[in-house]
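# Structural characterization, general
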Amino acid sequence: MMGQSLGSIVVGLEALRKLCPDVFIDTTGHAFTFPLFRILGGCRTAAYVHYPTISTDMLSRVRDRTCAHNNAGFVSRSRVLSSLKIYYYKLFACLYGLAGHCCDVTMVNSSWTFNHIKQIWKCPTAEIVYPPCNVTNFLAVPLQPDAAKREMSIVSIGQFRPEKDHTLQLRVLAEFLRVCPDTVRERVKLHFVGSCRNAGDEARVVALRRTVEELQLSQHVVFHLNAPFSELLKVCEDGTIGIHSMWNEHFGIGVVECMAAGLITVAHDSGGPKADIVVDWKAGRTGYLGSTPETYVKALLDIVNLTDADRSALRKRARDSVCRFTDEVFDREFGAALEPLLRPRRRA
């Protein structure tokens, strides 16, 4: 983190040398450039923060010595390395907060990000501006009656990154197949739709396929790797349920896409999905939340037991609720937040 931040300062100096703007807006997460442009360049500054470079959750995981994708096992098992990493994180968080103080207008993409930025930057005001989600094509997916579908498809949308925790979804599927009615079990398929960015992602897919074999789920899991958009829409059209399992995802565009496509969605009970997306709309639920295999399975069983009328009403509410996340809403709210910075400065 420190190396990337120092690198961003070098890039910022290069940019400032070539052009000193009136207003500097960062949307890439390089907060350490704010002091440059505000103090050296005399610019007004704004940030749109997708994800804090460091968060209190990251500090907590290291302090609790929890092994995770961003806290390697050899570190979590060592008291000395964990202590050193805590000091490093605390120093970085302090510097990150000082850099954030140099931002005139702060926008964040979710309530989760808002809470962390407010705590680390000690930011008195920050505005939540949900990211633009191009849901037009998903909203156009026709809703078929579940009784007319060959399968009861559970759809998972997301790159094969470690934090997406696809393994949890396989554990959920195995437990769900164990307890669901026989008439449902024979029709259940979990469809993974996602891309592989690099060799690491491809290795994770190989590991997932191995887990599928170990859990004896071969007849119930389908991988759609690097699928074209048209295939994704078709999988959503044939699907019944959407599933998401990333802990503390800052927003959750994949969750929005599932809801817009008419999938009854079960998302992780944390982060943006919990605080901003899978929330009541017009006095009714828009989806379900889970955090353990047991809570996910309970949600899946609830969905199976819904009447056709209740499923239809839930899908309609979920679809209606994504109007909060459109490109048009983002354009309007982003522009309104920036408006004070774009006013001409008064001359002394």
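Coordinates for the structure precede this section.
We now turn to the structure provided with this report. (Residues numbered from 1 in each chain as written. Predicted model: local features only at pLDDT ≥ 70, side-chain atom pairs only at ≥ 80, totals over all residues. Heavy atoms only, no water.)

## Comments concerning the overall build of the chain
A tally of regular secondary structure across the chain gives 16 helices and 10 strands. Over its C-alpha atoms the chain spans a radius of gyration of 22 Å, differing by no more than 12% from the 20 Å that the globule rule assigns to 348 residues. Along the three orthogonal principal directions, the C-alpha set of the chain runs to about 75 × 50 × 35 Å. By the burial criterion, 51% of the 348 residues in the chain qualify as buried. For the chain, the proportion of contacts with a sequence separation of at least 24, taken over those separated by at least 6, is 69%. Split by element, the accessible area of the chain, about 17,100 Å² in all, is 55% carbon and sulfur. Placing the 42 positive and 36 negative side-chain charges of the chain at their respective mean positions leaves the two points 6 Å apart. (Helix = DSSP H or I, 4+ residues; strand = E, 2+ residues; numbered from the N terminus. Rg over C-alpha atoms; globule rule 2.2 N^0.38 Å. Buried < 20%, exposed > 50% of the residue type's maximum accessible area, 1.4 Å probe, protein only. Contact = heavy atoms within 4.5 Å. Areas by Shrake-Rupley, 256 points an atom, 1.4 Å probe, with all protein chains shown as cover. Lys, Arg positive; Asp, Glu negative; His and termini not counted. Charge placed at Lys NZ, Arg CZ, Asp CG, Glu CD.)

## Description of the packing of helix α8 (residues 166-179) against helix α14 (residues 293-305)
Contact geometry of α8 with α14 gives a least axis separation of 9 Å together with a crossing angle of 55 degrees. The orientation of α8 with respect to α14, classified from their angle, is oblique. By crossing handedness, the relation of α8 to α14 is classed as right-handed. Residues L168, R171, V172, E175, F176 and V179 of α8 form the contact with α14, whose participating residues are P293, Y296, V297, L300, L301 and V304. (Axes fitted to C-alpha atoms, helices over the stretch in contact; angles between N-to-C directions. Parallel < 35°, antiparallel > 145°, perpendicular 65-115°, else oblique. Left-handed = near helix turned anticlockwise from the far one by under 90°.)

## Concerning the side chain of H116
Relative to the elements of secondary structure, H116 occurs in helix α6 (residues 111-120). Setting aside residues no more than four positions away along its own chain, H116 makes contact with P52, S55, T56 and D57.

## Side note on the packing of aromatic side chains
A full pass over the atoms with the stated rule returns 18 aromatic pairs. Judged by centre distance (6.0 Å) and plane angle (75 degrees), the ring pair of Y48 and F334 falls under edge-to-face. Of the two residues, Y48 is situated in strand β2 (residues 44-49) and F334 in helix α16 (residues 327-342); the sequence distance between them amounts to 286 residues. Like F334, Y48 is buried. Taking the centre distance of 6.3 Å and the plane angle of 70 degrees together, the rings of F160 and F192 count as edge-to-face. With F160 in the loop between β5 (152-157) and α8 and F192 in strand β6 (residues 188-194), this residue pair connects regions lying 32 residues apart in the sequence. Residue classification places F160 among the buried residues on the basis of a relative accessible area of 1%. Aromatic rings pair up to connect F24, F32, F34, F37, F92, Y96 and W121 into one cluster. Sitting over the ring of Y288, R285 keeps its end group 4.0 Å from the ring centre. (Phe/Tyr/Trp six-rings, centres within 6.5 Å; stacked < 30°, edge-to-face > 60°. Lys NZ or Arg CZ within 6 Å of the ring centre and 35° of its normal.)

## A few points about α14
Its 13 residues give α14 an end-to-end C-alpha distance of 18 Å, which sits within 8% of 18 Å, the value for a rise of 1.5 Å per residue. Along α14, the residues that are buried comprise P293, Y296, V297, A299, L300, I303 and V304. Along the axis of α14, the buried positions cluster into a sector of 160 degrees, meaning they face one direction only. For α14, the exposed residues set more than 90 degrees away from the buried face come down to E294, K298 and N305. (Expected span 1.5 Å × (residues − 1). Arc of directions from axis to C-beta.)

## A word on the packing of α8 against helix α10 (residues 199-214)
For the pair α8 and α10, interaxial distance at closest approach is 10 Å and the crossing angle is 15 degrees. Classified by the angle their axes make, α8 and α10 are roughly parallel. In the crossing of α8 with α10, the sense of the turn from one axis to the other is right-handed. Residue-level contacts link H166, T167 and L170 of α8 to L208, T211 and V212 of α10. When the residues that make up the contact of α8 with α10 are grouped by side-chain class, the tally is three nonpolar, three polar and no charged. (Nonpolar A, V, L, I, M, F, W, Y, C, P; charged D, E, K, R; others polar.)

Geometry only, nothing functional implied.
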